[in-house]
Amino acid sequence: MGKFINPFTDVGFKKIFGQEVSKDLLIDFLNDLLVGERSIKDITFLDKELLPEYMGDRGVIYDIYCTTEAGEHIIVEMQNRQQTNFKERALFYLSHTITRQGEKGARWEFDLKAVYGVFFMNFRLEDTPHKLRTDIVLSDRDTHEVFSDKLRFIFIELPSFNKEEEECETDFERWIFVLNNMETLNRMPFKAQKAVFEKLEEIVDVHSLSEEDRVRYENSVNAYRDYLATIDYAAKKGSEEGFEAVSYTH
């Protein structure tokens, strides 16, 4: 087992971004994500059960649901595999969060708070240009002027990030480098550039886990590895069947 936890596991992801005691990590990441747009001072974690139920095959998905001090809603999600209608599911989640704001009585006048969806993807999104970050906003098709700032999707395609440590230029890129490489790192980089990475180092050190958390984490790692083995087997099986089909036709 590595020195630092694996952020692609359920326990690892929530340890970093889903704890009250370390919520400043999520605040810092969101501010680096939205740098130049806004500055979040505080967040409040909400029960993710307020999110709509999705009855399909969820795969490996970890949700964090919070609001900012200004009342904006932010859904942060890690998903490890492509999913049927993934874009539509993201739209459904955020639209549901928009409509829930209408349950305020007869005097409510559509004073909506913005809803952000931040989707970490440990895979390449289909039918879209492959790049690290894809931002979706409501805008005029011709002028590209923003029509409304109340609905925002940010898809982060982790496999499309290929910079080395010394090539990272922004704090956002530094975050992505650390998340992509955390399980194999022997030291936490970028502490000289930003103090938040010192806090992160403390949070993600496997040896700092309590006995109970360590058991939960090990179970989470095993579930993640089982999932990877299943996907690897399915991919190999598909390749073999495809090869056999081609051989048969010839």
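Residues numbered from 1 in each chain as written. Predicted model: local features only at pLDDT ≥ 70, side-chain atom pairs only at ≥ 80, totals over all residues. Heavy atoms only, no water.

### Structural notes on the overall build of the protein
Secondary structure summary: the protein contains six helices and six strands in total. Secondary structure elements of the protein occur, N-terminal to C-terminal, as α-α-β-β-β-α-β-β-β-α-α-α. When the 250 residues of the protein are sorted by exposure, 43% land in the buried category. Considering only contacts within the protein whose residues lie at least 6 apart along the sequence, 61% involve residues at least 24 apart. Summing over all exposed atoms, the protein offers an accessible surface of approximately 14,100 Å²; the carbon and sulfur share of this is 50%. (Helix = DSSP H or I, 4+ residues; strand = E, 2+ residues; numbered from the N terminus. Buried < 20%, exposed > 50% of the residue type's maximum accessible area, 1.4 Å probe, protein only. Contact = heavy atoms within 4.5 Å. Areas by Shrake-Rupley, 256 points an atom, 1.4 Å probe, with all protein chains shown as cover.)

### Things to note about the pairing of strand β6 (residues 146–157)
Taken together, the seven bridges between strand β4 (residues 115–121) and β6 define a ladder with parallel strand orientation. By the bridge assignment for β6, V115 is matched with L151. Two strands pair when backbone bridges link them, and strand β5 (residues 133–139) and β6 are joined in this way by seven bridges, in the antiparallel orientation. Each bridged residue has a counterpart across the sheet, and for V137 the counterpart in β6 is R152. Where β5 folds back onto β6 in an antiparallel hairpin, the turn is made up of six residues, including H144, whose phi is positive at roughly 65°. (Pairing = 2+ DSSP bridges.)

### Remarks on the pattern of salt bridges
Scanning the entire structure with this criterion turns up 23 salt bridges. Close ionic contact of D205 with K3 constitutes a salt bridge, the shortest N to O distance being 3.7 Å. Here K3 lies in the segment before α1 (10–17) and D205 lies in the loop between α5 (196–204) and α6 (211–249), a separation of 202 residues in the sequence. Note on D205: relative accessible area 17%, which makes it buried. Among the salt bridges present, the one from R38 reaches E72, with a minimum N-O distance of 3.2 Å. (Salt bridge = Lys/Arg side-chain N within 4 Å of Asp/Glu carboxyl O.)

### Considering the nonpolar core
As a rule of thumb, nonpolar side chains are buried together in soluble globular proteins. One finds F17, F29, F120, I156 and L200 to be the most contacted residues of the largest nonpolar core, which totals 52 residues. Leaving out residues up to four positions away in the same chain, F17 has contacts with L25, L26, F29, F45, I64, F120, W175 and L179. Counting 15 residues, the second-largest nonpolar core is a separate cluster that includes Y65, A90, Y93 and F123. (Core = buried A, V, L, I, M, F, W, Y, C linked by side-chain atoms within 4.5 Å.)

### A few points about helix α2 (residues 23–33)
Counting buried positions over the eleven residues of α2 gives ten, a clear majority of the element. Burial in α2 covers these residues: K23, L25, L26, I27, D28, F29, L30, N31, D32 and L33.

### Digging into a negative patch on the surface
A cluster of like negative charges, contributed by E164, E166, E167 and E169, occupies part of the molecular surface. Tracing the backbone shows E166 in the loop between β6 and α4 (171–181). A residue is classified by how much of its surface remains accessible, and E166, at 67% relative accessible area, is exposed. (Patch = residues over 30% accessible without salt bridge, like charges linked within 9 Å, V, L, I, M, F, W, Y side chains within 5 Å. Lys, Arg positive; Asp, Glu negative; His and termini not counted. Charge placed at Lys NZ, Arg CZ, Asp CG, Glu CD.)

### As for unusual backbone geometry
Unlike most non-glycine residues, D127 shows phi in positive territory, near 60°. By the secondary structure assignment, D127 is in the loop between β4 and β5. You will see that H144, though not glycine, has its phi angle at about 65°, which is positive.

### What to know about the packing of α4 against α5
For the pair α4 and α5, the least separation of the axes is 12 Å and the interaxial angle reads 15°. On the basis of the axis angle, α4 is roughly parallel to α5. When you trace α4 past α5, the crossing you get is right-handed. Packed against α4, whose contacting residues are R174, W175 and V178, the element α5 presents V196, F197 and L200 at the interface. (Axes fitted to C-alpha atoms, helices over the stretch in contact; angles between N-to-C directions. Parallel < 35°, antiparallel > 145°, perpendicular 65-115°, else oblique. Left-handed = near helix turned anticlockwise from the far one by under 90°.)

### Focus: the environment of R133
Here R133 is to be found in strand β5. The spacing of R133 and I154 is 21 residues in sequence and 6.9 Å in space, taken between C-alpha atoms. Not counting chain neighbours up to four residues away, the residues in contact with R133 comprise L33, E37, R152, I154, F155 and F172. A polar atom in the side chain of R133 sits 2.6 Å from the side chain of D135. (Polar contact = N/O pair within 3.5 Å; in protein donor to acceptor, adjacent residues only side chain to side chain.)

### Re helix α3 (residues 86–100)
Under the 1.5 Å per step criterion, the end-to-end length of α3 is 21 Å for 15 residues, consistent within 8% with the ideal 21 Å. For α3, the full list of buried residues reads F86, R89, A90, Y93, L94, T97 and I98. (Expected span 1.5 Å × (residues − 1).)

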